[in-house]
Amino acid sequence: MDFDLFVIGGGSAGVRCARIAAGHGARTGIAEERFWGGTCVNVGCVPKKLLVQAGEYGGFADDAAGFGWEIRKGPHDWAKLIAAKDAEIGRLNAIYRRLLESAGAQIFEARARLIDAHTIEVGESRVTAERIVIATGGHPTRPDIQGAELGIVSDDAFYLPRMPKRVAVVGSGYIAVEFAGIFAALGAQVDLVFRQPLPLRGFDSDLRQALAEALPRQGIRAHAGCSPRGLALDGRGRALTLSDGGTLRADLVFFATGRRPATDGIGLEAAGVARNAAGAVLVNEHLQTSQPHIFAMGDVTDRLNLTPVATAEGHALADSLFGGRPRAVSLQNVPTAVFFTPPLATVGLTEEAAAACCPVDVYVSRFTPMRHTISGRARPSLLKLVVDQASQRVLGAHMMGEDAPEIMQGLAIALVMGASKADFDRTIGIHPTSAEEFVTMRVRTRVAGVAKAAE
Ligand SMILES: Cc1cc2nc3c(=O)[nH]c(=O)nc-3n(C[C@H](O)[C@H](O)[C@H](O)COP(=O)(O)OP(=O)(O)OC[C@H]3O[C@@H](n4cnc5c(N)ncnc54)[C@H](O)[C@@H]3O)c2cc1C
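In this text, all values refer to a predicted model and were calculated from it rather than measured experimentally.

Draft legend 1. Summary view of helix H4 (residues 78-103). Counted at 1.5 Å a residue, the expected span for H4 with its 26 residues is 38 Å, and the 38 Å between its end C-alpha atoms agrees. Within H4, burial applies to Trp78, Leu81, Ile82, Lys85, Ile89, Leu92, Asn93 and Leu100. Buried positions along H4 lie against helix H1 (12-23), strand S2 (28-31), helix H2 (38-43), helix H3 (45-63), strand S3 (106-108) and helix H5 (154-157). The N-cap of H4, judged by a side-chain oxygen 3.2 Å from the amide nitrogen of Ala79 a few residues on, is Asp77. Two residues or fewer after H4 comes Gly104, characterised by a positive phi angle close to 100°.

Draft legend 2. Examining empty space enclosed by the protein more closely. Enumeration according to the criterion identifies three cavities of 30 Å³ or more in this entry. Here the largest cavity is characterised by a volume of approximately 50 Å³. In terms of lining residues, the largest cavity is bounded by Gly138, Arg259, Arg260, Pro261, Asp299, Asp302 and Asn305. By residue number, the principal contributor to the lining of the largest cavity is strand S15 (residues 259-261), which donates three residues. Partitioning the lining of the largest cavity into residue classes produces one nonpolar, two polar and four charged.

Draft legend 3. The arrangement of the packing of H3 against H4 in detail. Put simply, H3 and H4 touch, their axes get as near as 10 Å, and they point 145° apart. For the element pair H3 and H4, the recorded crossing hand is right-handed. Only Trp78, Leu81, Ile82, Lys85, Glu88, Ile89 and Leu92 of H4 make contact with H3, whose side of the interface consists of Val46, Pro47, Leu50, Leu51 and Ala54.

Draft legend 4. Structural view of the packing of H3 against helix H6 (residues 174-185). Between H3 and H6, the least distance of the axes is 8 Å, while the angle of their chain directions is 35°. By crossing handedness, the relation of H3 to H6 is classed as left-handed. Residue-level inspection shows Lys48, Leu51, Val52 and Gly55 of H3 in contact with H6, the latter providing Tyr174, Glu178, Phe179, Ile182 and Ala185. In terms of residue class, the contact of H3 with H6 is made up of six nonpolar, one polar and two charged.

Draft legend 5. Spotlight on the pairing of S2. Residues Thr28 and Ile30 line one face of S2 and the alternating positions Gly29 and Ala31 line the opposite face, and both faces are buried. Two elements, strand S1 (residues 3-8) and S2, share four bridges in a ladder whose sense is parallel. Bridge pairing in S2 places Leu5 opposite Thr28. Here S2 runs beside S3; their pairing, made up of three bridges, is parallel. Looking at the pairing, Ala31 lines up with Phe108 of S3.

Draft legend 6. Summary view of the sheet that holds strand S11 (residues 228-234). Taking strand neighbours across the sheet as the criterion, the three strands line up as S11-S12-S13 in an open arrangement whose pairing is antiparallel. With partners counted over all chains shown, the strands left at the sheet margins are S11 and strand S13 (247-250), one partner each. Each strand axis lies, on average, 20° off the axis of its neighbour in the sheet, ignoring direction. Pairing of strand S12 (residues 237-242) with S13 involves four bridges; the strand directions are antiparallel. Within S13, the residue paired with Ala239 across the bridge is Arg249.

Draft legend 7. Representation of the pattern of salt bridges in the model. A complete count under the given rule lists 35 salt bridges for this structure. Between Arg260 and Asp264 there is a salt bridge, and its shortest N-O distance comes to 3.5 Å. Given a relative accessible area of 27%, Arg260 falls into the partly exposed group. The class for Asp264 is partly exposed, based on a relative accessible area of 43%. Salt bridges linked by common partners bring Asp204, Asp206, Glu351, Arg366, Lys384 and Arg446 together as one network.

Draft legend 8. Representation of a nonpolar patch on the surface within the structure. Taken together, Phe67, Trp69, Ile71 and Ile374 make up a surface patch of nonpolar side chains, about 450 Å² in accessible area. Exposure remark for Ile374: the relative accessible area of 46% places this residue in the partly exposed category.

Draft legend 9. Structural view of the site of the ligand. Surrounding the ligand, one finds 37 residues, the nearest of these being Ala13, Glu32, Thr39, Lys48 and Asp299. At 2.7 Å from an oxygen atom of the ligand is found a side-chain nitrogen or oxygen belonging to Glu32. Between the ligand and Lys48, the relevant distance is 2.5 Å, taken from an oxygen atom to a side-chain nitrogen or oxygen of the residue. Taking 990 Å² as the accessible area of the ligand by itself, protein coverage stands at 95%. Elements that contribute at least two residues to the shell around the ligand include exactly H1, H2, H3, H6 and helix H9 (307-322). When residues in the shell around the ligand are grouped by element, the largest group, four residues, is from H2. Taken together, the residues of the shell around the ligand sort by class into 17 nonpolar, 13 polar and seven charged.

Draft legend 10. Here's a closer look at the packing of aromatic side chains. Applying the stated criterion to the full structure yields eight aromatic pairs. Positioned above the aromatic ring of Tyr159 is the side chain of Lys85, whose terminal nitrogen or guanidinium carbon lies 4.3 Å from the ring centre. Positioned above the aromatic ring of Tyr363, the side-chain terminus of Lys421 is 4.3 Å from the ring centre.

Draft legend 11. Region of the structure containing the state of the cysteines. Here the structure, examined in full by the defined rule, presents zero disulfides. No disulfide involves Cys358; its sulfur sits 4.6 Å from that of Cys357, the nearest cysteine. Residue classification places Cys358 among the buried residues on the basis of a relative accessible area of 15%.

Draft legend 12. Highlighting the nonpolar core. Counting residues in hydrophobic clusters, the biggest one holds 73 residues, and the most contacted among them are Phe183, Val190, Phe340, Val360, Leu385 and Phe438. Counting residues per element, this core draws most heavily on H6, which supplies seven residues. Formed by 23 residues, the second largest nonpolar core is a distinct cluster that contains Val7, Ala21, Ile30 and Val133.

How each quantity is defined
Residues numbered from 1 in each chain as written. Predicted model: local features only at pLDDT ≥ 70, side-chain atom pairs only at ≥ 80, totals over all residues. Heavy atoms only, no water. Helix = DSSP H or I, 4+ residues; strand = E, 2+ residues; numbered from the N terminus. Expected span 1.5 Å × (residues − 1). Buried < 20%, exposed > 50% of the residue type's maximum accessible area, 1.4 Å probe, protein only. Contact = heavy atoms within 4.5 Å. Polar contact = N/O pair within 3.5 Å; in protein donor to acceptor, adjacent residues only side chain to side chain. 1 Å grid on protein atoms, 1.4 Å probe; cavity = no way out; pocket = protein on both sides within 12 Å on 5 of 7 lines; lining within 4 Å. Points joined across faces, edges and corners; volume = space filled by probe spheres on them. Nonpolar A, V, L, I, M, F, W, Y, C, P; charged D, E, K, R; others polar. Axes fitted to C-alpha atoms, helices over the stretch in contact; angles between N-to-C directions. Left-handed = near helix turned anticlockwise from the far one by under 90°. Pairing = 2+ DSSP bridges. Salt bridge = Lys/Arg side-chain N within 4 Å of Asp/Glu carboxyl O. Patch = residues over 30% accessible without salt bridge, like charges linked within 9 Å, V, L, I, M, F, W, Y side chains within 5 Å. Areas by Shrake-Rupley, 256 points an atom, 1.4 Å probe, with all protein chains shown as cover. Near = heavy atom within 4 Å. Phe/Tyr/Trp six-rings, centres within 6.5 Å; stacked < 30°, edge-to-face > 60°. Lys NZ or Arg CZ within 6 Å of the ring centre and 35° of its normal. Disulfide = S-S within 2.5 Å. Core = buried A, V, L, I, M, F, W, Y, C linked by side-chain atoms within 4.5 Å.

The following block contains the structure:
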């Protein structure tokens, strides 16, 4: 065999797996067809957060007036922002490539495809490997409506030649919400169209409600309970017809309506690797596919599609196979954030999920953060804990407010360690912060769950 391990896909999962495996001395090859670092670095987390930060500066400039600063905002230069973003992404691409090379992995800049259970065609060559990792990620999809090709998807949003004045975003997952926030903060008129009554399905209902209230404060018009019906040209813009009979006119229509695992045409059938109806590679808890020597990880398995999950899986598999440290990655208590303004972050169970299995004590705190008592901006924060009534273990923590993602990372450690409400209560706060509210919530807001009689 040419390699001990061959990795298909140089994104978050694949790069980490190949780098660590090579570091353990395994003869490792890795193929990437598009860009080192994959979705996260090139058309995902990293460039997105840079755009979010660009929008935040406009808000800071407005808020500063309350603190005595007189700042006159000039126009925003989209081309300058995109050029700065591209330079940073180029730097990161090079780092990812260098890390692989210096670890001793052999890199292939070409599309790879399985020929059989041990043979990979990569560009013009064929190689064989003892073990194979499929880490091909996913790609954005468009809704099945007439004219869908006239809209863009998230991959395109990072390369727009100019900032649109009117944007219609379709979807209510975190990508839809974040881009609605980005375009609004940079001055566009934004409509957000989604089928559900509230945005962010799967998040805690108090957070979803708080976000729904925050959308208009950011200048975003929400069209809840609405689906797109068709998209057509409208002069130089677009006309999006909706299920409620209305039509939205916009310069740009952005479909954030889901992603599909990248498993077409990569030879899964030839190698005997099974996938589900949605195209995701099926794996067990050790990331083994239906072929025990072929593994899959990250977004291509469509379980919890987040970069830190993908990298943790890549690392764990390489350690397990070649480092003498076998382990599996737990997908419980994985924290996550939505980089809206203000941001949302969450770890553990929502109130609804927890209450479905046991009675829970719910603590909710709503307040105006210190900055906005003076800035004059209406931007309340919401903090919430969901606590198992019997054991008093904290099952979920949720926040919408400044610095929520930074705060939630620390709380995630407490939840992973199994902290109780009493542990939170005996922790001394840092004053004056928003975060201290998590350790000073003494009065239960309500009881929820199967045995409400406990109230
Ligand atoms: C707009 C957006 C924002 C996001 N924001 C966040 C965030 O804030 N936080 C977070 O944790 N996650 C975020 N994510 C999700 C995150 O980007 C993914 O979970 C992560 O990139 C998954 O890593 P991966 O390695 O599984 O796949 P990917 O990063 O997609 O990498 C797969 C790689 O495989 C390559 N490839 C595919 N097929 C082949 C082939 N046949 N041969 C060779 N190469 C191939 C692709 O070119 C790609 O580079 C975001 C995603 C998007 C789209």
